[in-house]
Amino acid sequence: MTGTARTWRALLVGAGNMGRVWARTLQASAAAELVGWVDVRGDLVERVADELALDDLWLDSDLGRALAITRPDFVVDVTVPSAHYAVTLQALRAGVPVLGEKPMADTMEHAREMVAAAERTGLLYMVSQSRRYNPGLLALRRLILDETGPLGILSSNFSIGARESGHRLEIASPLLLDMAIHAFDAARYLSGADPVSVYCEEFNPPWSWYRGSACATAIFELTGGLRYTYQGSWCSEGCHTSWDAEWRAVGPHGSARWRGGDDVPIAEIVVERGGFLPVTEERRAGDTAVPPGIAGSLRDFLTALETGTTPMGACGDNIKSLAMVFAAIESAAAGRRVSCRLWDGA
Ligand SMILES: NC(=O)c1ccc[n+]([C@@H]2O[C@H](COP(=O)([O-])OP(=O)(O)OC[C@H]3O[C@@H](n4cnc5c(N)ncnc54)[C@H](O)[C@@H]3O)[C@@H](O)[C@H]2O)c1
């Protein structure tokens, strides 16, 4: 799966829904070996390891003890967002690089400290933005780079009524904190631009089964004057979009769209102007094969460990996507447009 020459020993932290997916991905990887699994709920990690027939690894409820006993090459942090800060700092202080789940942290202060800890220790802390590893998103990006030209308008629509479980049902801004980060990060990836400011409203329809706001609408300004509009709902049943959202991107030479998932993105590029409407030609991107989802981020992380290169998702870059989340939450609370430059404390 990777071009790495050696096998890297992984300590997995968090045995909830996504922890199980990571356990299977690490197991399936030729470049990684799962040597231990930690969850504050020791009974849970034992039950889940048993269900997955993982009997040859260290199971623990205490991260410090597991780090000392298993001596891993890296930690995979799949805990709840409010625990990412403590888990990441503990691992980095113990001299162990971290591949952590999105969102990086539960506050910008914590995220800035996590970036500072990675810089101080000289260790890699990468956030797994798994939805970047999607052939369709890569194809859309290529159409933007090669066909539409630099974007002036970008929009995405996410609409899924999922009966989620775990922390999402209880936190204040489940859509913005736990799901919208995927779209915000993709907007940065597609445009190559950095966030400047945002106006956002978040709300919870009467029928929502989430305690916090499951819906939001946001207008971002990004560098170069790009406007990115986000429309999201995690409690809309029927007429679902894909989990990647539906995208439309507009540049000086034409438009591109992608419905997410397996949909093949297309661009319509102007070949003749002069009439009331332009004459356009359809374009598609070439091959954009990539290991999908978390397998892709694991590959990038291990390649970076081996080569010393900076991977996509390195914390110093990913914090800009997180800043979009917290600026949107702040804007919704304040009822006004706010700055997104939270990653440097502005
Ligand atoms: N990339 C994706 O597509 C994707 C999909 C789902 C979830 N996620 C992310 O994965 C993370 C986990 O989500 P989930 O659905 O598995 O949540 P979950 O609530 O099902 O499980 C989280 C687990 O973390 C454990 N935990 C909490 N604090 C801990 C600590 N300090 N040390 C050790 N364990 C601790 C909990 O006991 C629980 O078992 C979240 O950040 C979420 O946003 C990503």
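Residues numbered from 1 in each chain as written. Predicted model: local features only at pLDDT ≥ 70, side-chain atom pairs only at ≥ 80, totals over all residues. Heavy atoms only, no water.

Caption draft 1: Broad picture of the sheet that holds strand 3 (residues 58–60). As summarised here, the arrangement of the 6 strands in space is 3-2-1-4-5-6, forming an open sheet in which the pairing is parallel. Each edge of the open sheet is held by one strand with a lone partner, namely strand 3 and strand 6 (125–128). If you compare each strand with its neighbour and ignore which way they point, the axes differ by 25° on average. Bridging between strand 1 (residues 8–13) and strand 4 (residues 74–77) involves 4 bridges; their strand directions are parallel. By the bridge assignment for strand 4, V13 is matched with D77. (Pairing = 2+ DSSP bridges. Helix = DSSP H or I, 4+ residues; strand = E, 2+ residues; numbered from the N terminus. Axes fitted to C-alpha atoms, helices over the stretch in contact; angles between N-to-C directions.)

Caption draft 2: Molecular detail of the pattern of salt bridges. Tallied over the full model, the rule gives 23 salt bridges. Here E147 and R283 are joined by a salt bridge, their closest N and O atoms 2.7 Å apart. With E147 in helix 6 (residues 135–148) and R283 in strand 14 (residues 279–283), this pair connects stretches of sequence that are 136 residues apart. Look at E147 and you get buried, because its relative accessible area is 18%. On the basis of relative accessible area, R283 is assigned to the partly exposed category, the value being 23%. When the shortest N-O distance is used, the salt bridge between R163 and E237 registers 3.2 Å. With a gap of 74 residues between them, R163 in the loop between strand 7 (153–159) and helix 7 (174–191) and E237 in the loop between strand 10 (227–233) and strand 11 (246–251) connect regions that are remote in the sequence. Among the charged side chains, a salt-bridge network with shared partners connects K102, E164, R168 and D178. (Salt bridge = Lys/Arg side-chain N within 4 Å of Asp/Glu carboxyl O. Buried < 20%, exposed > 50% of the residue type's maximum accessible area, 1.4 Å probe, protein only.)

Caption draft 3: Summary view of the domain arrangement of the protein. By the assigned domains, the protein splits into domain 1 (8–131 + 292–314) and domain 2 (135–288 + 323–344). For domain 1 and domain 2, the distance between their C-alpha centres works out to 28 Å. At the interface, 14 residues of domain 1 touch 15 residues of domain 2. Taken over both partners, the interface formed by domain 1 and domain 2 buries close to 1,400 Å², and the fraction arising from carbon and sulfur atoms is 61%. The three residues of domain 1 that bury the most area against domain 2 are M108, Q129 and R131, which together make up 45% of that side's buried surface. The tally of links between domain 1 and domain 2 comes to 2 salt bridges. D178 serves as the salt-bridge partner of K102, at 3.6 Å between the closest nitrogen and oxygen. (Domains from an automatic or database assignment. Contact = heavy atoms within 4.5 Å. Buried area = accessible area lost by both parts, 1.4 Å probe.)

Caption draft 4: View of the sheet that holds strand 8 (residues 195–203). Strand order in the open sheet made by the 9 strands is 14-13-12-11-7-10-9-8-15, with mixed pairing throughout. Edge positions in the open sheet fall to strand 14 and strand 15 (338–339), since each of these has one partner strand only. Looking at chain direction, strand 8 and strand 15 are connected through 2 bridges and run antiparallel. Residue pairing in the sheet places V198 in a bridge with V338 of strand 15. The sheet strands contacting helix 6 are strand 11, strand 12 (254–258), strand 13 (266–272) and strand 14, and the helix crosses strand 12 at an angle near 180°. The sheet contacts of helix 7 involve strand 7, strand 8, strand 9 (215–222), strand 10 and strand 11, and relative to strand 10 the element is tilted by about 150°.

Caption draft 5: Spatial organisation of the packing of helix 7 against helix 9 (residues 315–334). Following both chains from N to C, one finds helix 7 and helix 9 inclined at 125°, their axes separated by 9 Å at the closest point. Relative to helix 9, helix 7 is oriented oblique. Both helix 7 and helix 9 take part in a crossing whose hand is right-handed. Only D317, N318, K320, S321, L322, M324, V325, F326, A328 and I329 of helix 9 make contact with helix 7, whose side of the interface consists of L176, L177, I181, F184, D185 and R188. (Parallel < 35°, antiparallel > 145°, perpendicular 65-115°, else oblique. Left-handed = near helix turned anticlockwise from the far one by under 90°.)

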